[in-house]
Amino acid sequence: MDKKVVVITGAGSGLGASLAEKFSNLGYFVCLLGRTEEKLQQTAKRLSKDFSIYPVDVSRKSEAADVFQSIQRDVGPIDILINNAGVGMFDVAENIKEDAVHQMIDINLKGTIFCTQEVLPDMKKRNDGMIVNVVSTAGLEGKVTESVYCASKFGVRGFSESLVRELEDTQVKVLAVYMGGMKTAFWDGIYENDAIKDLMHPDDVAEIIMDNMKPRKNLTVQDVVIKNKI
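Residues numbered from 1 in each chain as written. Predicted model: local features only at pLDDT ≥ 70, side-chain atom pairs only at ≥ 80, totals over all residues. Heavy atoms only, no water.

When you go through the chain residue by residue, the secondary structure sums to seven helices and seven strands. Counting helices and strands in the order they occur from the N terminus, the chain gives β-α-β-α-β-α-β-α-β-α-β-α-α-β. In terms of C-alpha radius of gyration, the chain reaches 17 Å, essentially the compact-globule figure of 17 Å for 230 residues. Here the chain holds 230 residues, and the buried ones make up 50% of them. Taking all contacts inside the chain whose residues are at least 6 apart in sequence as the whole, residues at least 24 apart take part in 64%. In the form shown here, the chain has an accessible surface area of approximately 11,900 Å², with 47% of it arising from carbon and sulfur atoms. For the chain, the distance from the average site of its 28 positive side-chain charges to the average site of its 33 negative ones is 5 Å. (Helix = DSSP H or I, 4+ residues; strand = E, 2+ residues; numbered from the N terminus. Rg over C-alpha atoms; globule rule 2.2 N^0.38 Å. Buried < 20%, exposed > 50% of the residue type's maximum accessible area, 1.4 Å probe, protein only. Contact = heavy atoms within 4.5 Å. Areas by Shrake-Rupley, 256 points an atom, 1.4 Å probe, with all protein chains shown as cover. Lys, Arg positive; Asp, Glu negative; His and termini not counted. Charge placed at Lys NZ, Arg CZ, Asp CG, Glu CD.)

With that settled, consider the layout of surface pockets. When its volume is computed, the second largest pocket comes out at roughly 580 Å³. Counting residues per element, the ones that place at least two in the lining of the second largest pocket are strand E5 (129–134), strand E6 (172–179) and helix H7 (202–213). A per-element tally of the lining of the second largest pocket places H7 first, with four residues. Across the lining of the second largest pocket, the residue classes tally to eleven nonpolar, four polar and seven charged. (1 Å grid on protein atoms, 1.4 Å probe; cavity = no way out; pocket = protein on both sides within 12 Å on 5 of 7 lines; lining within 4 Å. Points joined across faces, edges and corners; volume = space filled by probe spheres on them. Nonpolar A, V, L, I, M, F, W, Y, C, P; charged D, E, K, R; others polar.)

Another aspect to go through is the nonpolar core. Membership of the largest hydrophobic core comes to 35 residues, with the highest contact counts inside it found for Val 7, Cys 31, Leu 33, Phe 68 and Ile 71. Here the element with the most residues in this core is helix H4 (residues 98–126); it accounts for seven residues. Core analysis: the next-biggest nonpolar cluster, separate from the first, contains 30 residues, Ile 8, Met 130, Met 182 and Val 205 among them. (Core = buried A, V, L, I, M, F, W, Y, C linked by side-chain atoms within 4.5 Å.)

Attention now goes to the sheet that holds E5. Overall, parallel pairing links the seven strands, which are arranged E3-E2-E1-E4-E5-E6-E7 in an open sheet. Because the sheet does not close on itself, it has two edges, and the strands there are strand E3 (51–55) and strand E7 (223–226). Shown here is a sheet whose adjacent strand axes are inclined to one another by a mean of 15 degrees, direction ignored. Bridge count between E6 and E7: four bridges; the pairing is parallel. Opposite Tyr 178, over in E7, you have Val 225 as the bridge partner. Sitting on the sheet, helix H1 (residues 14–25) is in contact with strand E1 (5–9), strand E2 (29–34), strand E4 (80–83) and E5, with an inclination near 170 degrees to E1. On the sheet, helix H2 (residues 37–44) packs against E2 and E3 and is oriented at approximately 165 degrees with respect to E3. (Pairing = 2+ DSSP bridges. Axes fitted to C-alpha atoms, helices over the stretch in contact; angles between N-to-C directions.)

Before going further, it helps to spend a moment on the pairing of E3. Only one face of E3 is buried, namely the one carrying Ser 52 and Tyr 54, since none of Phe 51, Ile 53 and Pro 55 on the opposite face is buried. Each parallel crossover has a hand, and for E2 linked through H2 to E3 it is right-handed. (Right-handed = clockwise from strand over helix to strand, strands pointing away.)

Structure representation (structure tokens):
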């Protein structure tokens with residue numbers, strides 16, 4: 001296959017869908033990953049013909065392994081992995097339910113690790129590729145009612161920084177993105193629409209991410225912070 005291949009987790013809505021559309025417009029073959037096939041189908045309507053859909057729970061290593069093997073077999077080598085899948089349940093620390101703790105750690109942290117493990121061997125073998133971890137500013141500072149969410153994102157931050165060290169003698173790049181809240185379905189059931197109307201738009205965040213992914217002579221961007229206006 002001649003086209004470059006980008007894999008995006010959490011591609012059913014929000015930032016993942018915005019990134020998918022922009023990469024499709026640039027001529028990439030886009031692999032859409034997410035837990036809900038119906039949402040992935042909605043994203044696919046915004047793309048060109050060169051895409052594939054893979055329903056998957058990234059928190060399950062066996063599922064992630066099967067999907068990434070299918071992509072590499074059916075589509076080709078993966079040039080870019082964007083670990084975007086994430087969930088958040090917010091309350092004061094003592095009130096966060098056990099299931100919510102498991103979901104945030106499993107999807108936000110373990111899912112990022114498991115997907116990255118699937119692409120690293122081939123990227124290192126080819127000495128080429130990029131991994132983008134969508135972290136959130138919750139990976140930079142503790143926040144009220146977000147203790148476990150922050151814990152999961154601090155974990156992704158540590159994983160990302162360690163990857164940079166492990167890959168510093170290769171041409172495989174890692175970009176960690178720390179962005180504030182966006183106007184997306186992530187907040188459904190948490191805030192009313194009026195409370196998020198002034199947040200960043202995912203299309204704008206997608207543009208900033210992609211601009212920082214561009215290869216540039218004599219420099220590399222390892223992390224970028226994107227915040228809402230105060």
